[in-house]
Each structure stands twice: as C-alpha cells, then as structure tokens.
Amino acid sequence: MATNGRLVAGSHNRNEFVLINADEVARVTSVKELSGQICQICGDEIEITDNGEPFVACNECAFPVCRPCYEYERREGNQACPQCKTRYKRIKGSPRVDGDEEEDDTDDLENEFDINDRKDPHHIAEAMLSSRLNIGRGSQAYVSGITTPSEVDSVSVAQEIPLLTYGNEDVGISSDKHALIIPPFMGRGKRIHPMSFPDGFMTLPPRPMDPKKDLAVYGYGTVAWKERMEEWKKKQNEKLQVVKHQGGNGGGNNDGDGVDDPDLPMMDEGRQPLSRKLPISSSKISPYRLIILLRLVILGLFFHYRILHPVNDAYGLWLTSVICEIWFAVSWILDQFPKWDPIVRETYLDRLSLRYEKEGKPSDLADIDIFVSTVDPMKEPPLITANTVLSILAVDYPVDKVACYVSDDGAAMLTFEALSETSEFARKWVPFCKKFKIEPRAPEWYFAQKLDYLKDKVNPSFIRERRAMKREYEEFKVRINGLVAMAQKVPEDGWTMQDGTPWPGNNVRDHPGMIQVFLGQNGVRDIEGNLLPRLVYVSREKRPGFDHHKKAGAMNALIRVSAVISNAPYLLNVDCDHYINNSKALREAMCFMMDPTSGKKICYVQFPQRFDGIDHHDRYSNRNVVFFDINMKGLDGIQGPIYVGTGCVFRRQALYGYDAPVKKKPPRKTCNCLPKWCCCCCRSRKKSKKGKSNKKNKDTSKQIYALENIEEGIEGIDNEKSSLMPQIKFEKKFGQSPVFIASTLKEAGGVPTGASTASLLNEAIHVISCGYEDKTDWGKEIGWIYGSVTEDILTGFKMHCHGWRSVYCIPKRPAFKGSAPINLSDRLHQVLRWALGSVEILLSRHCPIWYGYGCGLKPLERFSYINSVVYPITSIPLIAYCTLPAICLLTGKFIVPEVISDCISFSSS
C-alpha cells in the first residue's frame, strides 16, 4: 500500500480523513483520488471481480463500463459496447436477455441469485469486504455495510467451485464435475464453472466426448495443453532430483508425514520434520527427580510430627508457624513439579529452505508482521528504537514477507522524525548487511564489536565498505541526537511539520489516529535497487474519557491495522529496546509454526530474553537464569512456556480467540468374536453413544467467533435477515469493520487482490479509533487481554485454555538481546510492577486457581500459572516466619515442644 510519502491522520468518529504532505498544505483528500478505474457512462468506480481483476464488459476493446451499466445496457439499451459497437456477451452471474446464444456449459438460471444454500460466513464476509473495498466507505449505496443477496452470490460463487479455464482439464476435479466442452470462439476471459449439487440424490453425469469432433474443442491437443504437459513433466523431474539424505532416524519421527506435502519424495530431507525434541539425559534428570521424591517423603514426616505435636502454652505461635510452613511447602511443590520433564528443541533450517524455498520459484515461507511498541522517547531513546527497527529490516527473510509496525503510543513527533531518518539510513544499511551476512544487524552493537582484520582474514573490499558504513552511521547518530536535543524545548504553539502543518499529536491525550508508510513494496528501494520490507508508523487515536489500556491496547490496535494492510498469518512482538541479534530468528520460529506434523497446534514460539551491558556478577539478577534456562524448559515438556512480553512469534488465529484444532482419533475396534449380549460389546456401544453425545455438546458449546452458530436459516426470519446474522455476531466480537472481519476468516493471511488504497487507509484509521473496541470482545477474549499490567501472562494463559500449546526455542546464537536495568531503583520498580500484575490476576476472574477448568489446560501447566500469580503473597508468610524467633526470645515460648524437659523427667523417674 503506497501513500506517496504522506502521513495519514484521521478520526472515524469525527469523520476526518486527512493526508499531510511534507511539500504541500494539508488537505482533506477525496476518496476517489486514490481509487481505481472509473466507469465512462456513470462515473462510478468499476468493481473488482473475485479473481482480483477489474470487471470487463467487452472482451474486444475492454471499454471501462461498470456491471450495473453493463446489465442496464443489455436489458434496456442496444446491447452493444459504446466504443467498438460489438454486441455484449452474457457474463456468468448476469441475467439472460433476448438474443443470448445458448452456451455449452451447465446453465445456472436456478442458482444465479439463490443464496439459501450459501450462508457460510466466509462467503458473506468476502462479499461484504468486496463491496466495502470497491465502493468505499462513503458510498451511498453501501452506507450501512449490508450486502444484498445478489452481491453475496456474485462474490462467493467462485470461492468453493473449481474452475476449468483455457481449455485445460483440472486433474484435481473428479470426472463427474467437469465442464468439458469449451468452444474455441469464446473470449479469453471466459471461465466455465461446473455445477455443484449439495444434495446427495442429485448427480451430474459426465458429458461424453464425440470422437468425430476435433480434440481441440475439448481442450486436448492445443498449444495450452502441450505447455501444461511439459510443465507437469518438469515438475515431476524436480520432485525426483537427488537431495541429500540423513542417516538413521534423521532427527525425529517421520511417521504420518507422507500425505502433507506432495512436492518432495518421501525420503528426502525436505520431507523430514523441521524440528525435534532433545530430552535431558537420564544421568542428569533422574537424580533431580529422586531428590524431589525424597523431599516429599521428608515433608510428609515433618508435617506429621508438627501437626500431631502442638504447643499448648504457645498455641498462637505454633499455629502461625505451621501455616507458614504449609504455605512454603505448597509453593515449593508448585515450583518443582512443572520442571519434572524438561526438554530442549533443535531446529533444521536447511530442511525449512528445502521445503519452502525451491530454486527458481518464489518463496513459500509465511508472511510475518513485526510489532515494535514505544511510548516516551525521553525514557526510551530514539536511537535504541532505530537500531531495533534496522535489525528488523535487515533480517534474513524474504523482504516481501516482512512488515514492521512501530506503535508510538505517545504520539511524539520526535519518534516520527527518527523513523523518517531510520528509513533513509536503511537504504544503505540493509544491502550492506545482506551482502556480507554480518551479525548482529543492529549497527550500534555491530560496530561496538572488536574485529581483528588479520586473524579473521577479512576481504579488503569488506574493510573499505565497513569503514564507509561506519562513517554513515556516525552521521546518522548525529542527526538522531540533534533531533533529541531539539525536542528538549517544546514550542508554546506545539510542534509544526516542515510544510507548516501543526503536528496532530501535540496533545498527547487528545489526538487523531495517525498512519505513515515509510517503506513498502511500492515505496523507496535501497541503493542497489532492491525492495525493502514495509515500515509503518502507527499512533492510535486517543480522546478524553476513554480507557486506552496502555500497552495491551496499543498491541491490539496493531493487530487490527496490520490485518487491514498486510494480514500476515504470524506476528512477532518485541520491545523497542530488544533488537534481533540472530538474523535467522524468524526462520527458527517458522521451523515450528510451519511444521506440517505439529505446527498447527502451536499458538506461539517464545525465545529467551538475553541482555547486553550486564556486569560479570549480575548483581541485580537481570539474567534470570533459573527462570529462562530451567523453568521454561520444564514447561516446554508439558504444554509450553508462558508468554513473557517480548521476543515471541504468535499465530494470528490464536490471538483471535479461536480454539486449537483437535486431532481426530480413529474409531476403536470392537470385538466381533463374542455374541451380542457380551458385556464388552455393550459397554463399547454405550461408550460410543456417550462419546457422540459429548461431542455434540462440545460442538454446541463453542464460541461464536469459532463459527458455531452460523446456520443456513432461522425459523421466523426472512432469508435476507438470516443471511446477515453471522455478520452481526462477528461485529459483536471483532468490531464494526467488514474489512477486518473478512481478514479474520483468512487462516493463511493475505489481503484481497484489487483492494483500493483509499478503502484500506480509511479502514486502517477506523480500526485504531478510540471507540472501536466498545461492546466487543477485544481485551476479554480476543487479542492481548486487559485487566493487569502484566498482560503477557494473562494473554498466554488464555491461549493455553483454548487448547493451544507453545514452544520454547533456544538457538545457539541468542535470537534477541535487550537492555537491562542498570541501577537498583529501576530493577526494584520492574520487580514491583511484575508483582502488582500477578496480584491483579490473582484477584480477577481469570485467576488460574478457578478459571479454565474443563478446557485444554493441563494440570501441571496450571500449577505453573498458579505459582506465577501467588508468588508475591509469599512475602507475607515469609515476614511472619522471620519474626517468630524474635517473639520466642522475648516471650520465652517456643513453637516446638520442649523435648529436653521431657527427657530429664523420664531419667529422674
């Protein structure tokens, strides 16, 4: 999406949509200015068909005419093109008129305008999206966003029906559904749809071929057929190319992987799993488990003695000590048992390339949207944010599949100008990184490394370019630091842009939403002429009286705006001070997400946090070695690690609140050797019936956004209202944006082809408006969950409750590195914030002690979440237990029985 260097600002509630150009005066831009072709008869915009191309009425001269004018001309006019005077031919989906020739394919008169059998939400959302994108938000014909049945049909007819085009028979379609005859005089844009019957008793017999006719009529023997055969043979030869094999097991179990990908032979390395589990050796884990069991036995004996031997003369002290000791024991159990089965994972990046990056073909790796969040440029220096963005733009991943979204929740002009400078410097930095494959790709930390030119045998050309690039970076730092110095003194009238326009974010608490696309597929290229990843600046709208939910609200705004602009199926979120230290980090995550055997159930891949600038002794415990290197590995052996707020790759569908896919188990075998009165058979039949009823109840209890209540019709409601029911329910969940709702139904991601830039910009401003989340499930069931300052724990917990699992990935080279607190005050403030967030979760309805039973959360995983929210409470019994010795010394009473006096009295007797 290109904006020609303009900053897009606006407010959906106030009906504002402004393009600010640095060279021109700000002006309200007409939506038609950014639209596509215009009908030469009525002046309306020409719609985009389901194949992503503009509607073409005349196949001879392609004179631009919209569909309504085309149908009116055929029905009321002279039925001819105004330019070339050629008679209009009937296009599929348009009503017949007198004079139309009989067509050889199946007629669709009965199904042309009938949507009674097409109440699927995917069709309705696609129809709603098409009308919204092609007509625009301000069109009078679609003010309400409601589509008519004919519109739903025209958009959805091609979504489910296979096609036969250009005389070639599709081998993927069964023989009883082929439309075989294509007369050679048909236009090149003609597409023949086979008739699909939903009812089982209606069948369509295949049309036999007449041996007297030329085979070209049926699509065989033509040039297109020969080209297709040659392409098929070439593809078969590619499949049989010799690929290196790995001996033994090859890094994992390959059972059940034979039907997932037909592109490579069964035994090729590209067919093998993309990752595997490496369990901890028994020589290390067995003693640890033995110690846990031994401690449990000792705890049992200890509490047996403590409870059965109370101190009557100091009963209060004794009771307090026992309660504290029980709390310590429970906390220890909650902390130890999730570590029972730790694992380590290993990835195979070469197999990922063999499977999804074939030579001579476009990359099949999935798209990734990367989120960077920042608030105050005075506390989070723009130079640090710029280094993070540069490391993202230079990542080792296809440039057309990476989009970076920077959320400026403080609406600071300093951040905006710093990103503008960063996008200009990226034109030089990105090709330098990819040419010499340097690590890390954040310039501040790369140039801080000491490089021994003689020892490493560096190429002289690299030395020259490196020195030149270092000079460029020093000049870049001077410009950024100059912006910071200038921002120290804010003008009385607020900041002003270069063209004299006031900066829209001068009032931090009251400003419109702002979007600026700095780099993109149609934007600025690097100095070598190559494309750069997309870089988008986003500042959501803020108004007084609205709760904006801090970081969680900003992340949800990024989810929506990225869904409108790029809609990648996977998301990566990093803090502004966490740069990508390993350029292959995204590929590491894709080894799990795109694995055909286990990837579909993974909601996110969490990387450990590593930090720069920590002293050797780590006096403030910033490394968190026990948590990141022990606890998280143990959780990975259960249901996956918890989400820690940064360095995490998400599956977009999991953030939308969808349940994890359930693997269908094969039916159990029943015994046929015994008579029918056999109790085993009866029991198996009863169990089968019970399982069916449970499955039925489970299906009816699914959530609305999991597409459960979308039915073909509802009694007492006419067909048109019935078809709109799914749209209304989706709006209650996701908000009133048909473009965003349609994107939620695309599991593989991607935006619809032919979407006009004006509509996308309008919808992007709409979805970041401050009132968009009102009366929706955002922050409750969808996206980042509200209700705690530690929204990361709560968000990961909700995903695990939906049955998803997560993965802990520890590459040899740390994937991300960040900045740790450098003084005790900052460290204590960070720990205090974590503790307050845990207490908020403990006192909320999402507390893991009582929330999420009967879902997909495993018991040991629940133990871990309970331990993460109750650990701040441990401070209370800890303080009480530490004060007991002092009280005992002052009062002369003890919390244990006096064993010595009993022994003395026994000996004297």
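- An unreviewed UniProt entry lists the chain under the name Cellulose synthase A catalytic subunit 2, with Citrus sinensis given as the organism.

### Brief notes about the overall build of the chain
Here comes step 1: Scanning the chain for helices and strands turns up 24 helices and 18 strands.
Here comes step 2: Out of the 909 residues belonging to the chain, those deemed buried represent 46%.
Here comes step 3: Once local pairs closer than 6 in sequence are excluded, the contacts in the chain between residues at least 24 apart make up 75%.
Here comes step 4: On the chain, roughly 47,300 Å² of surface is accessible, and the fraction owed to carbon and sulfur atoms is 56%.

### Let's talk about a nonpolar patch on the surface
Here comes step 1: Judged by side-chain polarity, Y315, L319 and I323 come together as a nonpolar surface patch covering roughly 290 Å² of accessible area.
Here comes step 2: Assessed through its relative accessible area of 36%, L319 is described here as partly exposed.

### Some words on the confidence of the model for the chain
Here comes step 1: Within the chain, residue pLDDT values average 75, and 69% of them lie at 70 or more.
Here comes step 2: Across the chain, element-level confidence peaks in strand β16 (residues 648-651) with a mean pLDDT of 95 and bottoms out in strand β5 (residues 191-192) with 36.
Here comes step 3: Contacts from residues 103-121, a stretch scored under 50 in pLDDT, to residues over four places away or in other chains number 54 contacts.
Here comes step 4: Taken together, the stretch residues 240-267 has pLDDT below 50 and engages in 52 contacts with residues farther than four places along the chain or on a different chain.

### Quick look at the environment of V605
Here comes step 1: Relative to the elements of secondary structure, V605 occurs in strand β14 (residues 602-606).
Here comes step 2: The exposure class of V605 is buried, given its relative accessible area of 0%.
Here comes step 3: For the pair formed by V605 and G640, sequence separation is 35 residues and the distance between their alpha carbons is 8.8 Å.
Here comes step 4: Once you skip the residues sitting within four places of it in the chain, V605 turns out to touch A589, F592, M593, G647, C648, V649, V807 and C809.

### Considering the packing of helix α12 (residues 550-565) against helix α19 (residues 757-767)
Here comes step 1: Where α12 meets α19, the closest approach of the two axes is 9 Å, and the angle between their N-to-C directions is 170°. In terms of orientation, α12 lies roughly antiparallel with respect to α19. Only L760, E763, A764 and V767 of α19 make contact with α12, whose side of the interface consists of R560, V561 and V564.
Here comes step 2: For the contact of α12 with α19, a count of residues per class yields 5 nonpolar, no polar and 2 charged.

Criteria and cut-off values
Residues numbered from 1 in each chain as written. Predicted model: local features only at pLDDT ≥ 70, side-chain atom pairs only at ≥ 80, totals over all residues. Heavy atoms only, no water. Helix = DSSP H or I, 4+ residues; strand = E, 2+ residues; numbered from the N terminus. Buried < 20%, exposed > 50% of the residue type's maximum accessible area, 1.4 Å probe, protein only. Contact = heavy atoms within 4.5 Å. Areas by Shrake-Rupley, 256 points an atom, 1.4 Å probe, with all protein chains shown as cover. Patch = residues over 30% accessible without salt bridge, like charges linked within 9 Å, V, L, I, M, F, W, Y side chains within 5 Å. Salt bridge = Lys/Arg side-chain N within 4 Å of Asp/Glu carboxyl O. pLDDT = per-residue confidence, 0-100. Axes fitted to C-alpha atoms, helices over the stretch in contact; angles between N-to-C directions. Parallel < 35°, antiparallel > 145°, perpendicular 65-115°, else oblique. Nonpolar A, V, L, I, M, F, W, Y, C, P; charged D, E, K, R; others polar.

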